[in-house]
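Results of the structural survey
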Amino acid sequence: MNWMHALYATYEQNRDYVGRIDKEPAQGNRKERLITPLLPLYHSMQNAHITITLNKQGELVNASLNNPNTQPTIIPVTEGSGGRTSGACPHPLCDKLQYVAGDNADYFPPAETPAKRTKQVKTLLESYEQYEQQLSEWAAFDPGNIKLNAILAYIRKKSLIADLVKEGILHVENSTNTLVPAWKGDKQEMPSIFEILGASTQENAFIRWKVNSRDGSPAEVYHDPSMYESWRRYTESKSTKRGMCYILGQTAPLAANHPARIRNAGDKAKLISSNDSSGYTYRGKFIEADEACGVSTEVTQKAHSALRWLISRQGWYDGDLVILAWSPGLLNVPSPCGNVQEWQHYAPDQPTPNDQVTQLVKQFKKELSGGGKERLQTSLNENDMDNRVLVLSLNSASPGRMSLSSFQEFSVSDYLNNLLAWHSRASWKQHLPKDKEGNDRSYIGAPSISMIVKAAYGGKVDDKLRKHALSRLLPCVLQNLPIPPDLEKQCILQASKRHSMEWWEWEMTLGVSCSIYRYNHPRTNTSSSDIMSLDSSITDRSYLFGRLLAVAEAIEASALKVTNTSRPTNAEKFMQRFQQRPAETWPMLEKSIQPYRNILHRNEKTIPYLKKYDEYLDNIMDTFLLGQLMDNAPLTGAYLLGYHCQRAFIYKPKEEKNVQPTE
């Protein structure tokens, strides 16, 4: 199945959501936000600043300003206006004052010179005329539509701005009787319209309509399903160009323009564009755009609307990069970009008609909390599209062009099993940034892909490099492929630069590096059921050197605590050098901790600790194979595993330490 057909099918299967405006509740640091709705065919979303209410005769009843929570409005659009960027191209019903107000030229602030003013007036008159003509043609197609006729009758009076000024909605200069371009008076006295418009001027106010038709339908034209349907029928009646739709495999009206505003309201990048009709026409290969690929208007509208809706609901963002995972039947699925904490809270946000899918989700959450070691079993029909999971990623090549970076399809069971495998194989203790109260946050599980990139390159990384790294990591989670070796190496190098990071940031980098090395080199893992327990039977050279480093750090840290001194230990300072030249650095480190051993030896309370540390060192030295201690080659990531496990064992509570390390 191709990506566009999958989105088209998702729209068809979730028609109950069409026109429904939902909000995502506030959670943690996130504020409440509007979810872009699944739009009716040939409609779009726009923030409307002013609502004008009419009676069915087209007479003004009242006008009001819309607060930010009620501004999002579903409006009909033409193929051209839906992706307009410049030039006069009116929406059919709700639009800016430039289009809907017949008296726009009388009230808009004049241009600086007579020549520019002449051009301005011409543009304003043409904008209104195009809007009025388009609305007239729609009303003629649907003559019994009371709301259309009322709006048409009102705008033909050409008194819209004058009425809004009388209602106290818009404000004019006393000297010129034109709209005030910006408020320069006391902020306490600033009219509400300027607060609502923000940085925009009054000329950019967007108008929507209410008509008290008294026929039982909603007064708000933007909530009326009969208005959605009327516009759909009218639009399709005007379709003239027909051809083969490559998605449906049948003859249908073809789209000449495709929707924009996919990732957000200000997004002008398009996935499909064919405006190369002059000059080097279509690279010299075609005469018409549809010779390359024909997509029907219905399919592109529904597919793009579904994509917009899904991204707003459950898309994962990193700047211009968007990664989306969904299932047409299950709809909401765990994101491959999240971490295990997010997956544990995952729940389908709609009841699924398939009990087997419901049981599979329950099994997924149970295995996730248990470490994800068992593979999910299912008897689902994997060929049924409802039981498929689709993952795509989008990125912008330029402000006007968007690329589909990847598209993959899985069965629901394979997708969830792959997430479980990632969680199981890459599980380690992960540290997160401190919360608002300054408390440490951590969990045991696999890191998210953004955590891996941050561990490898730090927080201040070039956008292109970060997005490229994220795209390379996605298949590792989705298909259980190895982490790229260069990213593994970079994480290990960063984890060795302990002195250059804050404590929590270094702990995060250490946890991520251990996860990556464990994932890429499963044979190095401890044989214990506890993935982070110390395994004293491992003879890997790097693992043993890491254990030595942890004990040396503990000796000095204990002595510093006795003397109430706060500073980095020599083990921390030498960590980067130790990773590069261990055999050369260990004698230096061993010599540097001798004074701290003496401090512990002179204190009766710390003598038992020193004896225990010496015991650890002796056991580690005895485990080295012949020649390993003299090998000065750089250490692999296993040294971080050894360091982390040995450090955790040293600082374990006394009752837990009675359990001997794995032999």
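Residues numbered from 1 in each chain as written. Predicted model: local features only at pLDDT ≥ 70, side-chain atom pairs only at ≥ 80, totals over all residues. Heavy atoms only, no water.

So, about the overall build of the protein. In terms of helices and strands, the protein carries 24 helices and 17 strands. Split into buried and exposed, the 663 residues of the protein put 52% on the buried side. The long-range share in the protein, meaning contacts at least 24 apart out of those at least 6 apart in sequence, stands at 66%. Split by element, the accessible area of the protein, about 31,400 Å² in all, is 49% carbon and sulfur. (Helix = DSSP H or I, 4+ residues; strand = E, 2+ residues; numbered from the N terminus. Buried < 20%, exposed > 50% of the residue type's maximum accessible area, 1.4 Å probe, protein only. Contact = heavy atoms within 4.5 Å. Areas by Shrake-Rupley, 256 points an atom, 1.4 Å probe, with all protein chains shown as cover.)

The next subject is the state of the cysteines. According to the stated counting rule, one finds zero disulfides in the structure shown. No disulfide involves Cys514; its sulfur sits 7.2 Å from that of Cys645, the nearest cysteine. On the basis of relative accessible area, Cys514 is assigned to the buried category, the value being 0%. The exposure class of Cys645 is buried, given its relative accessible area of 2%. (Disulfide = S-S within 2.5 Å.)

Inspection of the entire model under this criterion finds four cavities of 30 Å³ or more. Taken as a whole, the largest cavity spans an internal volume of roughly 170 Å³. In this structure, the largest cavity is lined by 22 residues; those nearest its centre are His43, Val77, Pro259, Gln301 and Arg308. Broken down by secondary-structure element, the contributors of at least two residues to the lining of the largest cavity are strand E3 (43-47) and helix H9 (297-314). Sort the elements by how many residues they give to the lining of the largest cavity and H9 lands first, with five residues. Looking at the lining of the largest cavity residue by residue, the class counts come to eight nonpolar, 10 polar and four charged. (1 Å grid on protein atoms, 1.4 Å probe; cavity = no way out; pocket = protein on both sides within 12 Å on 5 of 7 lines; lining within 4 Å. Points joined across faces, edges and corners; volume = space filled by probe spheres on them. Nonpolar A, V, L, I, M, F, W, Y, C, P; charged D, E, K, R; others polar.)

The subject of this paragraph is the nonpolar core. Counting residues in hydrophobic clusters, the biggest one holds 51 residues, and the most contacted among them are Leu93, Leu97, Ile151, Leu164 and Trp209. Here Ile151 is in contact with Leu54, Leu93, Tyr131, Leu135, Trp209, Val211 and Val221, once residues within four sequence places are set aside. Counting 47 residues, the second largest nonpolar core, distinct from the first, contains Ile492, Met501, Leu510 and Tyr596. (Core = buried A, V, L, I, M, F, W, Y, C linked by side-chain atoms within 4.5 Å.)

What follows covers the packing of helix H20 (residues 582-592) against helix H21 (residues 594-602). At a minimum axis distance of 4 Å, the contact between H20 and H21 shows a crossing angle of 35°. Counting all contacts with H20, which are made through Glu590, Lys591 and Ser592, the residues of H21 involved are Gln594, Pro595 and Tyr596. (Axes fitted to C-alpha atoms, helices over the stretch in contact; angles between N-to-C directions.)

On to the pattern of salt bridges. Under the defined criterion, the tally for this structure stands at 24 salt bridges. Between Glu572 and Arg498 there is a salt bridge whose closest N-O contact spans 3.2 Å. Remark: Arg498 occurs in the loop between helix H15 (485-495) and helix H16 (503-520) and Glu572 occurs in helix H18 (residues 570-573); sequence separation between them is 74 residues. Take Glu572: its relative accessible area is 18%, and that puts it in the buried class. Arg498 gets classed as buried once you look at its relative accessible area, which sits at 12%. (Salt bridge = Lys/Arg side-chain N within 4 Å of Asp/Glu carboxyl O.)

Of note, Lys158 is a non-glycine position whose phi angle comes to about 55°, a positive value. Following the sequence through the fold, Lys158 ends up in the loop between helix H5 (146-155) and helix H6 (160-166). Positive phi outside glycine occurs at Asn564, with the angle close to 55°. Within the fold, Asn564 resides in the loop between helix H17 (541-562) and H18.

In this structure the tally under the stated criterion is 12 aromatic pairs. Their ring planes at 45° and their centres at 5.4 Å tell us that Trp231 and Tyr234 sit as a pair that is tilted. Residue Trp231 and its partner Tyr234 are both found in helix H8 (residues 225-237); the two are separated by three residues, about one turn of the helix. Here the two residues Trp231 and Tyr234 agree in accessibility, since each one is buried. When the ring centre of Tyr17 is taken as origin, the NZ or CZ atom of Arg313, which lies over that ring, is 5.9 Å away. Of note, Arg498 hangs over the ring of Trp506, and the distance from its end group to the ring centre comes to 3.9 Å. (Phe/Tyr/Trp six-rings, centres within 6.5 Å; stacked < 30°, edge-to-face > 60°. Lys NZ or Arg CZ within 6 Å of the ring centre and 35° of its normal.)

Locating Asn598 in the fold gives a position in helix H21. The class for Asn598 is partly exposed, based on a relative accessible area of 35%.

Time to look at the side chain of Asp142. Its place among the elements puts Asp142 in the loop between helix H4 (114-141) and H5. Given a relative accessible area of 15%, Asp142 falls into the buried group. For Asp142, the side chain forms a polar contact with the side chain of Ser230, separated by 2.7 Å. Once residues lying within four places of it in the same chain are set aside, the contact partners of Asp142 are Ser230 and Arg233. (Polar contact = N/O pair within 3.5 Å; in protein donor to acceptor, adjacent residues only side chain to side chain.)

Across the sheet, four strands lie side by side as E5-E4-E8-E7; this open sheet has mixed pairing. Pairing within the sheet leaves two strands with one partner each, and these edge strands are strand E5 (60-65) and strand E7 (95-96). In the packing of H5 onto the sheet, the strands contacted are strand E4 (50-55), E5 and strand E8 (206-212), and the crossing angle to E8 comes to about 125°. (Pairing = 2+ DSSP bridges.)

In contact at an axis separation of 10 Å, H17 and helix H22 (residues 607-623) are set at 165° when each is read in the N-to-C sense. Classified by the angle their axes make, H17 and H22 are roughly antiparallel. Where H17 crosses over H22, the two elements pack in a sense that is left-handed. The residues of H22 that touch H17, namely those facing Leu544, Arg547, Leu548, Val551, Ala554, Ile555 and Ser558, are Tyr613, Tyr616, Leu617, Ile620, Met621 and Thr623. Its residues placed into classes, the contact of H17 with H22 shows 10 nonpolar, two polar and one charged. (Parallel < 35°, antiparallel > 145°, perpendicular 65-115°, else oblique. Left-handed = near helix turned anticlockwise from the far one by under 90°.)

Burial analysis of strand E6 (residues 72-76) places five of its five residues in the buried class, the great majority of the element. Covered by surrounding structure in E6 are Pro72, Ile74 and Pro76 together with Thr73 and Ile75, the residues of both alternating faces. Looking at chain direction, E3 and E6 are connected through five bridges and run antiparallel. Residue pairing across strands places Gln46 opposite Thr73, the latter belonging to E6.

Right, let's talk about the pairing of strand E15 (residues 401-411) for a bit. Two strands pair when backbone bridges link them, and strand E14 (residues 388-398) and E15 are joined in this way by 10 bridges, in the antiparallel orientation. Paired with Leu392 across the strands is Phe407, a residue of E15. Where E14 hands over to E15, the hairpin turn is made up of two residues, counted between the paired strands.

Bringing H22 into the picture now. The terminal C-alpha atoms of H22, which comprises 17 residues, lie 25 Å apart, in line with the 24 Å expected from a rise of 1.5 Å per residue. Among the residues of H22, those classed as buried are Leu610, Tyr613, Tyr616, Leu617, Ile620 and Thr623. Seen from one end, H22 has its buried residues packed into an arc of 150°, which puts them on one side. Exposed and oriented more than 90 degrees from the buried face of H22 are Lys611 and Asp622. (Expected span 1.5 Å × (residues − 1). Arc of directions from axis to C-beta.)

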